[in-house]
Amino acid sequence: MNRLVEIWQQLALREQRLLVALAGGLLFALSYQLAWLPLSQAVAVERQRHTALERSLLRISDIVQRLPLLSIKQQSANHDQAQLQPLLGLIDAFLAQSELNAEAVQIRALTPNIVELELTKVAFDSLIRWLARLQQEHAVSVVEIMLQRDQKLGMVRAKINLTRE
């Protein structure tokens, strides 16, 4: 360290100032290269990410605004399709596709627009989900329902009158 001080003192004032200026320039260049440049690049990347997220948010909000319209169109399409198939055949086919696992099933047409359905030993939760799907997908609603508890927990005997809206 003493050697450096001796060399510094042997330099002329002009050379000392020049070395201080060079050291300052070198310090500035190193600061820029090691700190400022990576930070500015990170900011640019975050701006691009922010812009992409804003675009996604706009698309999502547009979809959310159109969602009720799509739901209404879907219900209308389901309703129109349900009108083409006789109610008795519709319920029979929908029952065949379901996983109600009723012990016994009886279906009778009371009128062209009302069907009576009797199910023995069917799970209550499954029956309610099945009725909700029937209403949502085929516009068939419950006119009357009578339920009796079965000896087995969660099982019921159901007599249901269904109609098409």
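For the structure itself, look to the data block above.
Just so you know, these numbers come straight off a predicted model, no measurement behind them.

(A) Expanded view of the pattern of salt bridges. Going through the model one piece at a time under the given rule, you end up with 6 salt bridges. A salt bridge links E46 to R49; the nearest nitrogen and oxygen atoms lie 2.9 Å apart. Linking E46 with R49, this pair stays in helix α2 (residues 13-84), spanning 3 residues, or about one helical turn. Taking the relative accessible area as the measure of exposure, E46 reaches 43% and is therefore partly exposed. Here R49 falls in the partly exposed class, since its relative accessible area comes to 49%.

(B) Geometry of the packing of aromatic side chains. In this structure the tally under the stated criterion is 1 aromatic pair. An angle of 40° between the planes, with centres 5.7 Å apart, marks the rings of F94 and W130 as tilted. Of this pair, F94 sits in helix α3 (residues 87-97) while W130 sits in helix α4 (residues 124-138), placing them 36 residues apart in sequence. There is no split in this pair, since F94 and W130 are both buried.

(C) Expanded view of the pairing of strand β1 (residues 104-111). Bridging between β1 and strand β2 (residues 114-123) involves 7 bridges; their strand directions are antiparallel. Note on β2: the bridge partner recorded for R108 is E116. Hairpin connection between β1 and β2: a loop of 2 residues separates the two successive antiparallel strands.

(D) A look at the nonpolar core. By size, the foremost hydrophobic cluster in this structure holds 19 residues, and its most contacted members are I91, L127, W130, V140 and L162. Looking at this core, the elements that each hand over two or more residues are α3, β2, α4 and β4 (155-164). Top contributing element to this core by residue count: α3, with 5 residues.

(E) Structural view of the sheet that holds β4. Overall, antiparallel pairing links the 4 strands, which are arranged β1-β2-β4-β3 in an open sheet. Strands with a single pairing partner mark the edges of an open sheet, and in this sheet they are β1 and β3 (140-149). Neighbouring strand axes in the sheet, compared pairwise and without regard to direction, differ in orientation by 20° on average. Across the face of the sheet, α3 comes into contact with β1, β2, β3 and β4 while running at roughly 165° to β1.

(F) Spotlight on the environment of F124. Mapped onto the elements of the fold, F124 is located in helix α4. A residue is classified by how much of its surface remains accessible, and F124, at 33% relative accessible area, is partly exposed. Among residues more than four places away in sequence, those in contact with F124 are L147, G154 and V156.

(G) Up close: the packing of α3 against α4. Contact geometry for α3 and α4: axes closest at 12 Å, N-to-C directions at 130°. Relative to α4, the element α3 lies oblique. Note that α3 runs across α4; the crossing there is right-handed. Residues L90, I91, F94 and L95 of α3 form the contact with α4, whose own contacting residues are W130, R133, L134, E137 and H138. A per-class count over the contact of α3 with α4 returns 6 nonpolar, 1 polar and 2 charged.

Conventions we followed
Positions within a chain are numbered from 1, following the residues in the order the chain's sequence is written. With the structure being a predicted model, the display of local features is reserved for residues of pLDDT at least 70 and the display and counting of side-chain atom pairs for 80 or more, all residues being used for whole-chain, interface and lining totals. Side-chain descriptors were evaluated using all non-hydrogen atoms of the structure, hydrogens and water having been removed beforehand. We define a salt bridge as a contact between a side-chain nitrogen of Lys or Arg and a carboxyl oxygen of Asp or Glu at a distance within 4 Å. Labels follow the DSSP assignment, with helices taken as runs of H or I lasting at least four residues and strands as runs of E lasting at least two, numbered in each case from the N terminus. Burial status follows relative accessibility: with a 1.4 Å probe on protein chains alone, a residue under 20% of its type maximum counts as buried, one over 50% as exposed, and anything between as partly exposed. Pairing of aromatic side chains requires ring centres within 6.5 Å, counting the rings of Phe and Tyr and the six-membered ring of Trp. Pairs whose planes differ by under 30 degrees are stacked, by over 60 edge-to-face, and all others tilted. A pair of strands is treated as paired once DSSP finds two or more bridges between them. Think of a nonpolar core as a cluster: buried Ala, Val, Leu, Ile, Met, Phe, Trp, Tyr and Cys residues, connected wherever their side-chain atoms sit within 4.5 Å. Whenever a helix is involved, its axis is fitted only over the stretch in contact; in every case the axis is a line through C-alpha atoms, and angles between N-to-C directions fall within 0 to 180 degrees. A contact between two residues is defined here by any heavy atoms of the two lying within 4.5 Å. Geometric relationships in this document are graded by angle, where less than 35 degrees denotes roughly parallel, more than 145 denotes roughly antiparallel, 65 to 115 denotes roughly perpendicular, and other angles denote oblique. Each crossing is labelled by how the near helix is turned from the far one, with a counterclockwise turn of less than a right angle marking it left-handed and a clockwise turn marking it right-handed. When residues are sorted by character, Ala, Val, Leu, Ile, Met, Phe, Trp, Tyr, Cys and Pro go into the nonpolar class, Asp, Glu, Lys and Arg into the charged class, and all the rest, Gly among them, into the polar class.

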